[in-house]
Amino acid sequence: MALSSGYGFETISQALLLGTETTIYTIPASTQVVNAFILIVNTSALAVAGTLHNRLLGVAASVTNRIVPAVSIPANSMQVPPFRISMAATDILSGFAATASVINVQLIGLRRS
């Protein structure tokens, strides 16, 4: 499998979280995302909680696949969870926020196809 961007990390996806479960990125067929980290950015003047799910094979979001459990992100700041994830074809990164359209989530890693 070839690595994109000459072996460098790249921004794979960016999305604003809504108040309901929102897809951030669905891994395309014949693709993997490896050694990825997540940036969670709160653009609001108030603290806002955000929740993320790593949905293997596209299963429904649940407590079983929750990787960030309603973490409060301080006003106008960023959090980086202390782990990396790898995802395969049809896996979905998704989430929601306590306040819609103020939490920006970015998936940054290596994409293999």
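Since the structure is predicted, the reported quantities are computational estimates derived from the model, not experimental observations.

1. Details of the confidence of the model for the chain
Caution applies to low-pLDDT regions: their predicted coordinates should not be interpreted in detail.
1) Next: Averaged over every residue, the pLDDT of the chain is 92; residues scoring 70 or more account for 94%.
2) Next: Overall, residues 1-5 carries pLDDT values under 50, and its contacts beyond four positions in sequence, including any with other chains, amount to 12 contacts.

2. Examining the nonpolar core
1) Next: Ranked by internal contacts, the top residues of the largest apolar core, which has 22 residues, are Ile38, Leu52, Ile103 and Leu107.
2) Next: Ranked by the residues each element gives to this core, the list is headed by strand E3 (residues 32-42), at four residues.
3) Next: Ignoring any residue separated from it by four or fewer positions in sequence, one finds leucine 107 in contact with Glu10, Thr11, Ile12, Ser13, Tyr25, Val33, Ala36, Phe37, Ile38, Ile85 and Leu93.

3. Overview of the sheet that holds strand E2 (residues 22-26)
1) Next: Ordered by their spatial adjacency, four strands build an open sheet running E2-E8-E4-E5, and the pairing between neighbours is antiparallel. At either end of the open sheet lies a strand with only one pairing partner, and these are E2 and strand E5 (66-73). Taking each pair of neighbouring strands and ignoring which way they run, the sheet shows an average axis angle of 20 degrees.
2) Next: Examined bridge by bridge, E2 and strand E8 (residues 92-97) share four bridges and lie antiparallel to one another. What sits directly across from tyrosine 25, in E8, is leucine 93.

4. Considering the pairing of strand E9 (residues 103-112)
1) Next: E9 sits mainly inside the fold: eight of its 10 residues count as buried.
2) Next: Pairing geometry for strand E1 (residues 10-16) and E9, over six bridges, is antiparallel. Bridge assignment links leucine 16 to a residue of E9, and that residue is asparagine 104.
3) Next: In this sheet, E9 lies alongside E3 in antiparallel orientation, the contact comprising nine bridges. Among the inter-strand pairings, isoleucine 38 is bridged to a residue of E9, identified as leucine 107.

5. Focus on the environment of isoleucine 27
1) Next: By secondary structure assignment, the location of isoleucine 27 is in the loop between E2 and E3.
2) Next: Beyond its immediate sequence surroundings of up to four residues, isoleucine 27 is in contact with Gln32, Val33, Met87, Ala88, Ala89, Thr90 and Asp91.

6. Some words on the pairing of E8
1) Next: Of all six residues that make up E8, five are buried, and the element is covered over most of its length.
2) Next: In this structure, strand E4 (residues 48-55) lies alongside E8, joined through six bridges in antiparallel fashion. Pairing of leucine 52 across the sheet is with glycine 95, part of E8.

7. Notes on the environment of serine 77
1) Next: You can see serine 77 is positioned in strand E6 (residues 77-79).
2) Next: Judged by its relative accessible area of 22%, serine 77 is partly exposed.
3) Next: Spatially, the C-alpha atoms of serine 77 and isoleucine 92 are 25 Å apart, while their sequence positions differ by 15 residues.
4) Next: Apart from the residues within four sequence positions on either side, serine 77 is in contact with Ile40, Val41 and Asn42.
5) Next: A polar side-chain atom of serine 77 sits 2.7 Å from the main-chain carbonyl oxygen of proline 74.

Thresholds, definitions, all that
Residues numbered from 1 in each chain as written. Predicted model: local features only at pLDDT ≥ 70, side-chain atom pairs only at ≥ 80, totals over all residues. Heavy atoms only, no water. pLDDT = per-residue confidence, 0-100. Contact = heavy atoms within 4.5 Å. Core = buried A, V, L, I, M, F, W, Y, C linked by side-chain atoms within 4.5 Å. Buried < 20%, exposed > 50% of the residue type's maximum accessible area, 1.4 Å probe, protein only. Helix = DSSP H or I, 4+ residues; strand = E, 2+ residues; numbered from the N terminus. Pairing = 2+ DSSP bridges. Axes fitted to C-alpha atoms, helices over the stretch in contact; angles between N-to-C directions. Polar contact = N/O pair within 3.5 Å; in protein donor to acceptor, adjacent residues only side chain to side chain.

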